[in-house]
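# Report on the structure
Now for the letters of each chain:
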Amino acid sequence: MTVAQHLARVRKICLSHAGATEKLSHGEPTFFLKQGVFTMFANNHHHDGKIAVWIPAAPGMQQAMIEDAPEKFFRPPYVGPSGWVGVVLDHATDEELAELIGQAAKLIAAKKKKR
């Protein structure tokens, strides 16, 4: 699958969430809800060879996901220390990706409402 095809599938999933918008952030397509960022597209970020998305994960889930499927999940730079997880798009089906992005959107919406 090409970068454009991966971005199209990510865009379709992200923009299916009510109120979701897209804009460039740090040179990459990034998806927002009113409460904040819930998905970042990463196209070979710093030449890491990965076409991926970076999404927030529930507390304690990042390490478990990476240990369970290291070919699919990784700790992304910058946001990894905050518990976000990278998802290699070649290793995630549309259904898996929709579920992961949906969980990320719910997590961001809930976290921001607590403030």
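The sections below set out a description of the structure shown in this document. Throughout this document, residue positions are counted from 1 along each chain, in the order its sequence is written. With pLDDT at 70 or above as the cut-off, local features in this predicted model cover only qualifying residues; side-chain atom pairs require 80 or more to be listed or tallied, and sums for whole chains, interfaces and linings still use all residues. Water and hydrogen atoms were dropped before computing side-chain values, which therefore reflect all heavy atoms in the structure.

With that settled, the discussion passes to the overall build of the protein. Here a helix means four or more residues in a row that DSSP labels H or I, a strand means two or more in a row labelled E, and each is numbered from the N terminus. Per the secondary structure count, the protein includes 3 helices and 6 strands. The principal-axis extent of the C-alpha atoms belonging to the protein is close to 35 × 30 × 25 Å. Per-residue burial for the protein yields a buried fraction of 47% across its 115 residues. For the protein, the share of sequence-separated contacts (at least 6 apart) that also reach a separation of at least 24 residues comes to 46%. Total accessible area on the protein stands at roughly 6,600 Å², and carbon and sulfur atoms take up 56% of it. For each residue, the accessible area found with a 1.4 Å probe, counting protein chains only, is set against the maximum for its type, and the residue is called buried under 20%, exposed over 50%, and partly exposed in between. Contact criterion: two residues are considered in contact whenever any of their non-hydrogen atoms come within 4.5 Å of each other. Under the convention used here, a 1.4 Å probe and the Shrake-Rupley method define accessible areas, while residue burial counts only the protein chains that appear.

A few words now on the sheet that holds strand S3 (residues 36-43). Strands in a sheet are paired, the pairing made by backbone hydrogen bonds, and the direction either parallel or antiparallel. DSSP bridges decide pairing: two strands pair if at least two such bridges lie between them. Across the sheet, 6 strands lie side by side as S1-S2-S3-S4-S6-S5; this open sheet has antiparallel pairing. Each edge of the open sheet is held by one strand with a lone partner, namely strand S1 (21-25) and strand S5 (73-74). Here S5 pairs with strand S6 (residues 84-88) via 2 bridges, running antiparallel. Looking at S6, one finds that phenylalanine 73 is bridged to valine 87. Here an angle of 0 to 180 degrees is reported between the N-to-C directions of two axes, which are lines fitted to C-alpha atoms, with helices fitted over the stretch in contact. The strands touched by helix H2 (residues 61-68) are S5 and S6; relative to S6, the strand with the most contacts, the crossing angle is about 25°.

Okay, the pairing of S1 next. Here S1 runs beside strand S2 (residues 28-33); their pairing, made up of 5 bridges, is antiparallel. Among the inter-strand pairings, serine 25 is bridged to a residue of S2, identified as glutamate 28. Where S1 folds back onto S2 in an antiparallel hairpin, the turn is made up of 2 residues, including histidine 26, whose phi is positive at roughly 55°.

With respect to the element layout, glycine 49 can be found in the loop between S3 and strand S4 (51-56). Of the residues examined, glycine 49 reaches a relative accessible area of 65% and is grouped as exposed. Linking glycine 49 and tyrosine 78, residues 29 residues apart in sequence, is a C-alpha distance of 17 Å.

Our focus in this paragraph is the packing of aromatic side chains. Pairs were defined over the aromatic rings of Phe, Tyr and Trp, the Trp ring being its six-membered one, requiring ring centres within 6.5 Å. Orientation was assigned from the angle between planes: stacked under 30 degrees, edge-to-face over 60, tilted for the rest. In the structure shown here, the tally under the stated rule is 1 aromatic pair. Arranged with centres 6.4 Å apart and planes meeting at 45°, the rings of tryptophan 54 and tyrosine 78 form a pair that is tilted. Of this pair, tryptophan 54 sits in strand S4 while tyrosine 78 is found in the loop between S5 and S6, placing the two residues 24 residues apart along the sequence. The buried category is assigned to tryptophan 54, whose relative accessible area is 4%. Overall, tyrosine 78 belongs to the exposed group, its relative accessible area being 57%. Two thresholds decide whether a charge sits over a ring: the Lys NZ or Arg CZ must be within 6 Å of the ring centre and within 35 degrees of the ring normal. Just above the ring of phenylalanine 32 sits the side chain of lysine 23; from NZ or CZ to the centre is 4.7 Å. When the ring centre of phenylalanine 74 is taken as origin, the NZ or CZ atom of lysine 50, which lies over that ring, is 4.2 Å away.

That is the geometry; function is a separate question.
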